[in-house]
Each structure stands twice: as structure tokens, then as C-alpha cells.
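Chain by chain, the residues run as shown.
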Amino acid sequence: MKYEVLFFFLAMCILPTLHGDGCASTRYLGPTVSAAHGIVPAPRRVEASHNLPPLQLKQESFKMVATLWTSILDSALDRYRAIIFTPCWGEHLSAHPVDKFHAQAQCEGPLILRELRVTVWSTTEVLAPDMDEAYNLTINLAGGEDAESGLALITANTVWGALRGLETFSQIVQCVPTTHEYHILGAPWLVEDSPRFRHRGLLVDTSRHFLPVGTLFKIMDSMQYSKLNVLHWHIVDAQSYPAPSVTTPNLTLGAYSVTETYSMHDLASIGEYGRQRGIRVVPEVDSPGHTAAMAAGVPEIVVCTTQTREDGYCAENPCGQLDPSMEDTFEVTFLLLIFASFAPDIC
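If you're wondering where the values come from, they're calculated on a predicted model, not measured in any experiment. (Residues numbered from 1 in each chain as written. Predicted model: local features only at pLDDT ≥ 70, side-chain atom pairs only at ≥ 80, totals over all residues. Heavy atoms only, no water.)

Asks: Please give an account of the nonpolar core that cites residues and values.
Replies: Grouped together as the largest cluster of nonpolar side chains are 42 residues, with contacts concentrated most on Leu57, Ile139, Leu166, Phe169, Ile184 and Trp189. With 29 residues, the next largest nonpolar core counts Val213, Ile235, Leu267 and Ile270 among its residues. (Core = buried A, V, L, I, M, F, W, Y, C linked by side-chain atoms within 4.5 Å. Buried < 20%, exposed > 50% of the residue type's maximum accessible area, 1.4 Å probe, protein only.)

Pasting the structure below:
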């Protein structure tokens, strides 16, 4: 989808022109790249050139390397390689901006971007509310004699900044539907970016509407594309209780069904999936109110379940509150324990 959005912009909003004919001309007047478009969200600073030929990325030889190894960065390079070289289709289309360069590219040879090099200065992989997500991205022209000719460079203090830089780079690369080639228009590029807001979150509610693990993964993929960094997971509420508990396993009796629950493995997988993408998974467990669903598993500590909003016992049906007069209420420590293994920052 993000490639379709980028292609739509380039195809509809950019007016490419080429002066000269055939191989007689060596002057390229190509698509104009606007710094205000193509990268989501818009970076703090973007510089791109005009009227220069595209850089081509050859899938079989293009390298993506990191100067300092971390497990998250290593996985991210593999993941973004697959994203960058996602096949595109549309042989019926005949007016892609890059098509204008093919005649001269055949005569003079294409300019090749041969490597993306990622440099980070810290190997820490701990997610935190104040994590540093700043990065710089430069994409150099090919054909020069200096050492950085034909290179794209991402520099960041942390792996989290490197992830955001990889996302930006993937948005700049275009797949040409008519030739199935991969190009970057407007090089050389310079991008300097850091988030305006440290907390950039999305809320999902799996109590009122259960979402399978695979759907949560897809949501976090879309968050990665938009550079969001917090998944606020409203996991339980009065309507259902799909979250597992080691200490009180009967709590999932309050789920919609036995198939609409999460396991401890699911929780760990969701937390790790987010961490690999620089997304903190912050779960929310409603209490002491909004606990009607808990009554199915631990009825001895939940009161007012037979009352209604109309009776004045709650703001929203179904009613149900934890009973503070019961010692067991304080002994059920699931509110923290069920998440300790995958979201330690909330404990």
C-alpha cells in the first residue's frame, strides 16, 4: 500500500520531462522531487536534487550492512530488504517517471546504488519512553570517484533511530511496474529527522472486539510504516477478559469464547514483535471498576454484577467492581504478573 501511495504521487503530481533525443543528449531533466512528499511522516529536513537521473538498485547485488551488530538491527535489515524489493505489478501502465530515462540509460549504462550502510553508536536494545529515534540519511550519486559514491548511509545513535531511517529509505525506493526495476529519484538525498513527539501511540481494544495475534502483528507493521512507537493495548474490560494469568487461570472464563483468548506465549510474542519494530507494547487492565468479566472466573472478589447503570451502580453496563473488603482481592496479583514477562517497563 505504501508503494502504491508513493507511485500515485509520482505518477500524478510530478511532470517529468526529458530534453534531447536518443543517445545524442547527455543532459537529464527528470522528475522533480518535492521535499514535502514521499516520506511519512514528513522529516524535519529533506534535501533532494532535481533533473538528475535515477539510481537503480539491483536486487541480486545491492548490499544492506551494519557497521555494528545488534540482533534487532540484523533482523531489521532482512525485513526491510524484503519490503524494499517487494514485487510490483502493472505491465499495463506505460507512463512511469523512470521510463523517460530508459533510452539514455541503455546507451550510457544505469547509475547503480550499490550499498546501504547503517551505523549506530549504541548496541542497547532496551525500549524506553525517552528512547532516541533520531537519524540522518544520505543517498549519494553513483559514478563519482570518492569512497561514498553510490552509497546510501544511515547514521543514528541507537538502533531505534536506525529503524526509522530504514523506513524512510524504503519509502524513497520505487518499484517501476513496467520493468520491475527498483529506482531512487532525486539523488543525492539528505534527510535529517527526529520525532516531534516522543510518545506516538495507537490504541487497540481487544476486550470489546477480540483481535487475533496475527491481526495485532499487522497493526504493528502499519505502525512501523508510520513510525509510531507505542501500542496502547486495552486488553481487558467489563465485556470480556481474554488475558491469561499464571496465578489465576480461571480469569479467561470471562472471555467471549475459549478460542478468543491469549496465551502467555502470545503475550511474549506480541511484546517481542513490537520490540523488533521499536514499538513499546503498553497493556491496560481495568480495575477496580469495569471488572464484570472477571466475575466468571473469580466471582468471590467481584461485586455489583447483578446491578445496572440505571440503578446507579456503574457508568456503563455491565456493572462489576472489585471488592476491597476481601483479602483475596489483594492476593490476586495478576494485574502485574501477566505482563511482567513481556512489558517490564510497566511493572
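Asks: Could you give an account of the pattern of salt bridges, naming the residues involved and the relevant values?
Replies: Tallied over the full model, the rule gives 12 salt bridges. Note that Glu133 and Arg200 form a salt bridge whose closest N and O atoms lie 2.7 Å from each other. Of the two residues, Glu133 is situated in the loop between β5 (115-120) and β6 (135-139) and Arg200 in the loop between β10 (189-193) and β11 (201-205); the sequence distance between them amounts to 67 residues. Using a relative accessible area of 3% as the deciding quantity, one classes Glu133 as buried. Among the residues examined, Arg200 registers a relative accessible area of 14% and is labelled buried. Its salt-bridge partner being Arg309, residue Glu310 comes within 3.2 Å of it at the nearest N-O pair. The exposed category is assigned to Glu310, whose relative accessible area is 55%. Using a relative accessible area of 44% as the deciding quantity, one classes Arg309 as partly exposed. (Salt bridge = Lys/Arg side-chain N within 4 Å of Asp/Glu carboxyl O. Helix = DSSP H or I, 4+ residues; strand = E, 2+ residues; numbered from the N terminus.)

Asks: Please give an account of the confidence of the model for the protein chain that cites residues and values.
Replies: Residue-level pLDDT values for the protein chain average 81, and 76% of them are 70 or greater. Counting interchain partners and residues more than four positions distant, the pLDDT-below-50 stretch residues 3-36 has 68 contacts. A low-confidence stretch, residues 103-107 (pLDDT under 50), is modelled with 12 contacts involving residues beyond four sequence positions or located in other chains. (pLDDT = per-residue confidence, 0-100. Contact = heavy atoms within 4.5 Å.)

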